[in-house]
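# Structural overview for review
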Amino acid sequence: MSACFPITSMPINRMSARLMFARLIVLGLLSLLAASAWAASPPTTAPRIGVMTMQPGEIFFERFGHDAIVVVDPRTGEATSYNFGFFDMDEPGFAGRFALGDMQYYLVALPLQQDLSYYREVGRGVKLQWLDLPPEQARSLADALAERAKPENARYRYDYFTSNCSTQVRDALDRAMGGALKSQMVGRSRGNTFRSEAVRLASPALWMWLGFDIGLGPYADVPMSRWEEAYVPMRLADSLDEASNSAGRPLVQSEQVLVPHRIAPEPPERPRRWWPWLLAGLFVATAILLAAPRKPRLVAALALPLWLVCGVVGALLVFLWGFTEHHAAWANRNLLLFNPLCLLLIPGAVTLLRKRTPAAWFRWLLSIVAAAAASAWMVLWLSTNPQVNHAWVALLLPVHAALAYVFVRRRGSLH
């Protein structure tokens, strides 16, 4: 047996060695293939997330700017813009729901370059902030936006201050970050209010500026946190620049200008002074008092359009408060200045223009309108939650008082 062992064992050992060598070669090749595949694929499957901010435009509904969330697919490199600012003015009942404060907007997902084409055409600047989000948060946000963009989920009830295109972007980011964005913004304030931001951005359009300043009630004058201030897209972009991600790093990783701004820039902040309005009110009141003895019909002719404007504006304020969901317009103290009762003074003004004496109720009504304007001044200075309508009080109180003095003292007569 001992002689036979070398003869039978040698071939077996050689075969085992060859088999193991072949296996090593195969394993080596597989390892090389795996390494090549890993090198060719991205290190993560998380999408890239950015916030795109558009500067204000020249059309009235573009005055406040706009924004959207950009998601870049890591597999295809395609960039999708998730835009919450779409509405359909041709939709049945849109105008009525707009007036009542029951507007419906919706989210649309569209290719980034397609979304940018309009802003290039009209010259509105676009800045993109790339965010440093952990992969799981980026994936969560991308999945949530894709689901939200489906037609059955895309619509939302629009509110100008609390649920607009910018607050939808803010809220989507905060949900993906597990509330970390809100916690960094809610406890801070720059002292801005819904009114101050609205009148600032609307100021290039006089009618729009007047509408916001007259139409907003005391709700719009409470100082906002940075979280509430983010209803303005540019303010949200500022806050993102100062925010941190869950790892404590800056949330904004880099910024990129996609479209240069070629039209008028965003209006700057300016202090609101009421004394020029007081000077104007006192000037008009003085002119009324001096002109009344010699040209009372001229005073009546000038009073008629004033009472018409005050009455119509006052009726609109009553409608906004009593019949709509425009919460920011409720309890508006400008009703004491733009008094709907002024509409009832118009027949008296016409009577005066005909050189006749109005009925006794005309004088009583004039006194009530003047007293209401005086109470607006008292409410302004005594209220713990004042409405910022100093300018309108300063302008209209002297005028209402002067008209009441002229026609009540003269008993409504032109003689």
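Numbering of residues begins from 1 in every chain and follows the order in which that chain's sequence is written. Confidence filtering applies because this is a predicted model: local features only for residues at pLDDT of at least 70, side-chain atom pairs given and counted only at 80 or more, and all residues used for totals across whole chains, interfaces and linings. The basis for every side-chain value is the complete set of heavy atoms in the structure, and neither hydrogens nor water enter the calculation.

### Regarding the overall build of the protein
Cut-off, in case you're wondering: Helical segments are the DSSP runs of H or I of at least four residues, strand segments are the runs of E of at least two, and each set is numbered from the N terminus. Relative accessible area decides the class of each residue, using a 1.4 Å probe on protein chains only: under 20% of the type maximum gives buried, over 50% gives exposed, and in between gives partly exposed. Two residues form a contact once any of their heavy atoms are found within 4.5 Å.
The helix and strand tally for the protein stands at 15 helices and seven strands. A burial count over the protein gives 43% of its 415 residues as buried. Residue pairs at least 24 apart in sequence account for 77% of intrachain contacts in the protein once pairs closer than 6 positions are excluded.

### Some remarks on the pattern of salt bridges
Rules: Counted as salt bridges are all cases of a side-chain nitrogen of Lys or Arg within 4 Å of a carboxyl oxygen of Asp or Glu.
On inspection of all chains with the given rule, the structure shows 20 salt bridges. Here Arg97 and Glu91 are joined by a salt bridge, their closest N and O atoms 2.9 Å apart. A relative accessible area of 23% means that Arg97 is categorised as partly exposed. Put simply, Arg200 and Glu266 hold a salt bridge, and the shortest N to O gap is 2.8 Å. With Arg200 in helix α7 (residues 194-202) and Glu266 in the loop between β7 (252-259) and α11 (275-291), this residue pair connects regions lying 66 residues apart in the sequence. Taking the relative accessible area as the measure of exposure, Arg200 reaches 8% and is therefore buried. Its relative accessible area of 24% is what places Glu266 among the partly exposed residues. Residues participating in the shared-partner salt-bridge network are Arg188, Arg190, Arg226, Glu229 and Glu242.

### Here's the deal with the pairing of strand β1 (residues 48-54)
Our working rule: When DSSP finds at least two bridges between two strands, those strands are taken to pair.
For β1, the tally of buried residues reaches six of seven residues, placing the bulk of the element in the interior. Inspection of the sheet shows β1 paired to strand β2 (residues 66-72) by seven bridges, in the antiparallel sense. Among the inter-strand pairings, Met52 is bridged to a residue of β2, identified as Ala68. Across five bridges, β1 lies against strand β5 (residues 126-131) in antiparallel orientation. What sits directly across from Gly50, in β5, is Trp130.

### Describing a nonpolar patch on the surface
Here is the rule we go by: Patch building starts from residues that exceed 30% relative accessible area and form no salt bridge, then joins like charges within 9 Å and nonpolar side chains (Val, Leu, Ile, Met, Phe, Trp, Tyr) within 5 Å. To be clear on the numbers: accessible area is Shrake-Rupley with a 1.4 Å probe, and residue cover counts the displayed protein chains and nothing else.
On the surface, Ile59, Phe60, Phe61, Tyr118 and Trp207 cluster together into a nonpolar patch covering about 520 Å² of accessible area. Position of Phe61 among the secondary structure elements: in the loop between β1 and β2.

### With respect to the packing of aromatic side chains
Aromatic ring pairs are described here by two measures, namely the spacing of the ring centres and the angle between the planes. Put simply, the test is: Working definition: rings of Phe, Tyr and Trp (its six-membered ring) pair if their centres are within 6.5 Å, and the pair is stacked with planes under 30 degrees apart, edge-to-face with planes over 60 apart, and tilted otherwise. Here, a charge over a ring means that NZ of Lys or CZ of Arg falls within 6 Å of the ring centre while also lying within 35 degrees of the ring normal.
Counted under the stated rule, the structure contains 27 aromatic pairs. Aromatic pair Tyr160 and Phe161: ring centres 5.1 Å apart, planes at 90°, arrangement edge-to-face. In this structure Tyr160 comes out as partly exposed when scored by relative accessible area, which is 23%. Aromatic side chains Phe319 and Phe323 sit 6.2 Å apart centroid to centroid with 20° between the ring planes, which places their arrangement in the stacked category. With Phe319 and Phe323 both in helix α12 (residues 296-323) and four residues apart, this pair spans about one turn of that helix. For Phe319, a relative accessible area of 33% corresponds to the partly exposed category. Phe323 sits in the exposed class, given a relative accessible area of 59%. If you follow Arg48 out to its NZ or CZ, it ends over the ring of Trp130, 3.9 Å from the centre.

### So, the nonpolar core
Convention followed: Among buried residues, those of type Ala, Val, Leu, Ile, Met, Phe, Trp, Tyr and Cys that are joined through side-chain atoms within 4.5 Å constitute a nonpolar core.
One finds Phe212, Tyr231, Trp307, Leu337, Leu345, Leu403 and Phe407 to be the most contacted residues of the largest nonpolar core, which totals 57 residues. If you list the elements that add at least two residues to this core, you get α7, α8 (206-215), α11, α12, α13 (346-353), α14 (360-382) and α15 (390-409). Look past the residues within four positions of Tyr231 in its chain and what remains in contact with it is Phe64, Tyr160, Phe161, Asn164, Ser166, Thr167, Phe194, Glu197, Ala198 and Met224. Membership of the second largest hydrophobic core comes to 34 residues, among which are Ile49, Val169, Met185 and Val252.

Taken by themselves, the reported measurements are silent on function.
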